[in-house]
Amino acid sequence: MKKVFMAVTMDLPDKTSPYTSIHPRNKEDVVHRLIMAGMVVAYGQRSSVPFQGPFPILYKYRRTYNTLHLIYDQQLENRALDGFEVCCSGGEKAACSINSTNWVAVPIMKMSSINWLVLDTSHCLSSTIVMALRYAWLETPCQFKKCAIYGKRNKLPAPPFYYAIKKIKTDMFQKFAI
């Protein structure tokens, strides 16, 4: 659909709201994010600051080092080390469904303010490989403005995502095809 946009608000929980946490009382942050997107998408206003949070564009799985490298489409700001999970499987893609018990939390090992980070996948057993990756896959994935990844220039959170790795090519960067 053309001329459609949204604001990611998963980092704005209001657990004490009488309207449930999905409806935060602080609307200023939500409005600011919608205005940023609306000015570009609906009105065609050009901006040097991205109106969306960072999104991964490339990944590299280094099984021998137990790492997963991600490259994002913009500069990053890190506020936490958690939020990522990998599905560890013996090679069966069916074992990595959304509700599978094969999901393991993986911390951020290294991060650059430029646009990349490295995840520690050592929690997967040596007999398994990383078959899928997801980020912020909870109803309330973080505390107020404390998710792991934000855009450095726009201070917007990275959106949640799920990615099933289609071909396992270790030590080579591959495109995210979501």
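Here the structure is a predicted model, which means the values were calculated and not measured.

Novice: Just give me the short version of the nonpolar core, but keep the residues and values in it.
Specialist: Counting residues in hydrophobic clusters, the biggest one holds 37 residues, and the most contacted among them are Leu-70, Phe-84, Leu-117, Leu-119, Leu-133, Tyr-135 and Ile-149. Among the elements of the structure, strand S1 (56–62), strand S2 (67–72), strand S4 (84–89), strand S5 (103–106), strand S7 (116–120), strand S8 (129–135), strand S9 (149–151) and strand S10 (161–164) are those that each provide at least two residues to this core. Of all the elements, S8 adds the most residues to this core, at six residues. When residues no more than four places from it in sequence are discounted, the contact partners of Leu-119 are Asn-66, Thr-67, Leu-68, Leu-70, Phe-84, Val-106, Pro-107, Ile-108, Met-109 and Leu-133.

Novice: So what about the packing of aromatic side chains? Which residues, and what values?
Specialist: In this description, an aromatic ring pair is defined by two values, namely the gap between the centres and the angle between the planes. Tallied over the entire structure, the rule returns nine aromatic pairs. Ring plane angle 65° and centroid distance 5.8 Å describe the contact between Phe-55 and Phe-161, whose orientation is recorded as edge-to-face. Linking Phe-55 in the loop between helix H1 (28–41) and S1 with Phe-161 in strand S10, this pair joins segments that are 106 residues apart in sequence. Residue Phe-55 is classed as partly exposed on the basis of its relative accessible area, which comes to 25%.

Novice: Account for the pairing of S7, naming residues and giving values.
Specialist: By the criterion of burial, S7 is predominantly enclosed, with four of the five residues buried. In terms of strand pairing, strand S6 (residues 108–111) meets S7 through three bridges, oriented antiparallel. Bridge pairing in S7 places Met-111 opposite Leu-117. In textbook terms, the turn of a hairpin is the stretch between consecutive antiparallel strands, and for S6 and S7 this stretch comprises four residues.

Novice: So, the sheet that holds S4: which residues are in play, and what are the values?
Specialist: Taken in spatial order, the four strands line up as S5-S4-S8-S10 in an open sheet, and their pairing is antiparallel. Since the sheet does not close on itself, it has two edges, and those belong to S5 and S10, each with one partner. Looking at each pair of strands side by side, their axes are set apart by 30° on average, direction ignored. Of the pairings in the sheet, the one linking S8 to S10 comprises four bridges and is antiparallel in character. Counterpart to Arg-134 in the pairing with S10 is Tyr-162.

Rules of the game
- Residues numbered from 1 in each chain as written.
- Predicted model: local features only at pLDDT ≥ 70, side-chain atom pairs only at ≥ 80, totals over all residues.
- Heavy atoms only, no water.
- Core = buried A, V, L, I, M, F, W, Y, C linked by side-chain atoms within 4.5 Å.
- Buried < 20%, exposed > 50% of the residue type's maximum accessible area, 1.4 Å probe, protein only.
- Helix = DSSP H or I, 4+ residues; strand = E, 2+ residues; numbered from the N terminus.
- Contact = heavy atoms within 4.5 Å.
- Phe/Tyr/Trp six-rings, centres within 6.5 Å; stacked < 30°, edge-to-face > 60°.
- Pairing = 2+ DSSP bridges.
- Axes fitted to C-alpha atoms, helices over the stretch in contact; angles between N-to-C directions.

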